Amino acid sequence: LLEQAQAGDAAAFDLIFHHFAPPLFRYLYARCGDVDLAEEIASSTWVRAVEHLSTFQPGNSRASTVEVAFAAWLYRIGRNLLIDMYRRPGNATLPLEETLATGDALVDEHILTRESNQELRTALMQLTPDQREVVLLRFVEEQSTAHVAHVTGRTEGAVKALQHRALATLARLLTMAHGMHEL
Amino acid sequence: MEHTADIDRVLDDCLERMAAGDKPEACLAAHPHHAEELALLLGAAHEARHWDVPTLSAAAYASIHARARAAFATSAAGRRQPRRRWPGWTWRHATLRFAIAMVVLILIAGASLQAAQPSLPGDQLYSIKRAGERVEVLLARQPEQRALLYLDFAQRRLDEAMTLADNGRPLAASTMNSISDNYTLAWETIATLESVDPVTATLLTQRYHDKVHAQRQQVEEVLAHAGDPAAATALGQVRDIVATAEAPPPMCTARFSIFSTQRGTVTTKGPATQVQGNRVAGTFDQGFLAGYTLEGIQDMTGNRRTMTALVQGTLTATGPDGTLELQYSGAADQGLLLNREAEGTFKAVNGTGRFAGWQWQGTMRAYLDTINPPHFTVTATGPCPSGP
């Protein structure tokens, strides 16, 4: 299918788009935590991907399948576009880990009145983009560690370490939030 | 530092085991030194699964798709072929000898396949050509890829039939059957997708109709210029096959959920696990068996190392109009398992009441909804049953 799209087959491209557009959006949202921004970057990612589609070669990747290699390539384009946007001079929008303070900021009065989903969302937004990315892929998308390593271009050891740090931070933040509720 | 690396590994091990159906308590008991920390981390992982990540809205999907297609249309015209690079050389003698042997084998196989491409039914190399196609199907990971392949194979069979007729050679029944078989497989594969991915199914349906329509026109054109009466007769038969495929039969789909009710006998040998006599149950929620319940028994063989699984069994659907017994078998390889999918075929073998004597067979596609406990949604699709 990919080869057909590379040869200019629009229907093949449509099928690829349909398959990858929703997970790409979720991935970008997990990294930036902003629906509008994730949509904007997703749009630019696809344009960039289309422009460079002919240069994509799954053989250059260590991924186990063409699908995983393509997802890794697409996600990398999206991640780089997000980074470029944050670095742009005069851009007031900053990554979440920079706009939000450390875990202490979680002890914020509005959290007390939110439902548990909101608590979880708020806690997740305290994680770094890399940590949120792993949480999304491991626990929402339910991918294996090996798969996450391939898609994100990390080693399995790095994914396990990142997963550990993410869950430890999440556990601490959620415990604090639940604790505030109990008061 | 060592402790951190250790807990990274233990945590991941626990998460994988829980994903496979183990209880968290078992993991905590297995790692008493880390139990307190693990309990907190596994609790956080449990919470994280409830993250309600926003979905891409239909409006945003359409807008992004339109922009991507516009870029695609611009770039497609002047698209270059993918650049080929020389692989980097590493001078390891044993590896090099092995690599050279593999390259020679691949070149021989590739050359044979290349040489077999123009072959026609009855030629010596034709079996190589068809074997290459079977490999293409095995390598096609997604059903949409396979549907497109089957359409492509139908085109190849048509081209072969037209060349044979042009050369005054007879068309065997197997050649005719192969054309219609590929259309059926393409249509069944598309129908299987309808309940799980309607957008892709719609796109493929359109493509199927466009392609088959174009193929019929192609055969009509060749037929109009056929001078030899025998060739005209053969091409007329081919035209009828394509015309039939142009209006494909209505497909009957039955979607059901299925889960184990009683674990069978488990045998583990190295990375391979065999489960025999697993009792299963479930309900049909879509299609002509909606509202029916099912019970059955199945065997499964899985291999952790190769990431492959085979399953076969029999299930009986029971409802107000009677019972329908289906035999099925399926398989999943690494690519499918990563997507939590498996696929196979089924055949009605027995029926009572309304289903007495029904002949219904086709393809099945299974999706693993939840890992713990394992719960599958399966879509069975085939041409609508015919009976006595």
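Every value quoted in this text rests on a predicted model; they were computed, and no experiment measured them.

**Digging into the overall build of chain A**
Within chain A one finds 10 helices and zero strands. Counting from the amino terminus, helix and strand elements in chain A follow one another as α-α-α-α-α-α-α-α-α-α. In chain A, once contacts between residues fewer than 6 apart in sequence are set aside, the share between residues at least 24 apart is 68%. When the accessible surface of chain A is split by element, carbon and sulfur atoms take 50% of a total near 7,600 Å².

**Some words on the interface of chain B and chain A**
At the junction of the two partners, chain B supplies 59 residues and chain A supplies 65 residues. Here chain B and chain A share an interface that buries about 5,400 Å² over both sides, 63% of which is from carbon and sulfur atoms. Summed over the shared surface of chain B and chain A, the number is four salt bridges. A salt bridge links Arg207 of chain B to Asp9 of chain A; the shortest N-O distance between them is 2.8 Å.

**Notes on the packing of aromatic side chains**
Applying the stated rule across the entire model yields 19 aromatic pairs over all chains. Judged by centre distance (6.4 Å) and plane angle (45°), the ring pair of Phe13 of chain A and Phe17 of chain A falls under tilted. Here Phe13 of chain A pairs with Phe17 of chain A, and both are found in helix α2 (residues 10-32), just four residues apart, close to one helical turn. Both rings, one in Phe256 of chain B and one in Phe284 of chain B, keep their centres 5.0 Å apart while their planes meet at 55°; by these two values the pair is tilted. Taken together, the residues Phe256 of chain B in strand β1 (residues 251-262) and Phe284 of chain B in strand β3 (residues 272-287) connect sequence positions 28 residues apart. Look at Phe284 of chain B and you get buried, because its relative accessible area is 3%. A network of ring pairs unites the aromatic residues Phe288, Tyr292, Phe346, Phe355, Trp358 and Trp360 of chain B as a single cluster.

**Looking at helix α9 (residues 198-224) of chain B**
An ideal rise of 1.5 Å per residue puts 39 Å on 27 residues; α9 of chain B measures up with 39 Å between its terminal C-alpha atoms. Within α9 of chain B, burial applies to Thr200, Ala201, Leu204, Thr205, Tyr208, Val212, Gln215, Val219 and Leu223 of chain B.

**Thoughts on the environment of Leu127 of chain A**
Residue and element names in this part refer to chain A. Within the secondary structure layout, Leu127 lies in the loop between α7 (116-124) and α8 (129-140). For Leu127, a relative accessible area of 0% corresponds to the buried category. Taking the C-alpha atoms as reference, Leu127 lies 9.7 Å from Leu173; in sequence the two are 46 residues apart. Look past the residues within four positions of Leu127 in its chain and what remains in contact with it is Arg132, Val135, Ala166, Thr169 and Leu170.

**Thoughts on the packing of α2 of chain A against helix α4 (residues 66-87) of chain A**
Residue and element names in this part refer to chain A. Where α2 contacts α4, the axes come no closer than 10 Å and their chain directions differ by 40°. Viewed along their axes, α2 and α4 adopt a mutual orientation that is oblique. You can see that α2 and α4 cross each other, and the crossing is right-handed. Each of Ile16, His19, Phe20, Pro23, Leu24, Tyr27, Leu28, Arg31 and Cys32 in α2 lies in contact with α4, whose residues at this interface are Glu67, Phe70, Ala71, Leu74, Tyr75, Gly78, Arg79, Leu82 and Tyr86.

What counts, and at which threshold
Residues numbered from 1 in each chain as written. Chains lettered and ligands numbered in written order. Predicted model: local features only at pLDDT ≥ 70, side-chain atom pairs only at ≥ 80, totals over all residues. Heavy atoms only, no water. Helix = DSSP H or I, 4+ residues; strand = E, 2+ residues; numbered from the N terminus. Contact = heavy atoms within 4.5 Å. Areas by Shrake-Rupley, 256 points an atom, 1.4 Å probe, with all protein chains shown as cover. Buried area = accessible area lost by both parts, 1.4 Å probe. Salt bridge = Lys/Arg side-chain N within 4 Å of Asp/Glu carboxyl O. Phe/Tyr/Trp six-rings, centres within 6.5 Å; stacked < 30°, edge-to-face > 60°. Buried < 20%, exposed > 50% of the residue type's maximum accessible area, 1.4 Å probe, protein only. Expected span 1.5 Å × (residues − 1). Axes fitted to C-alpha atoms, helices over the stretch in contact; angles between N-to-C directions. Parallel < 35°, antiparallel > 145°, perpendicular 65-115°, else oblique. Left-handed = near helix turned anticlockwise from the far one by under 90°.

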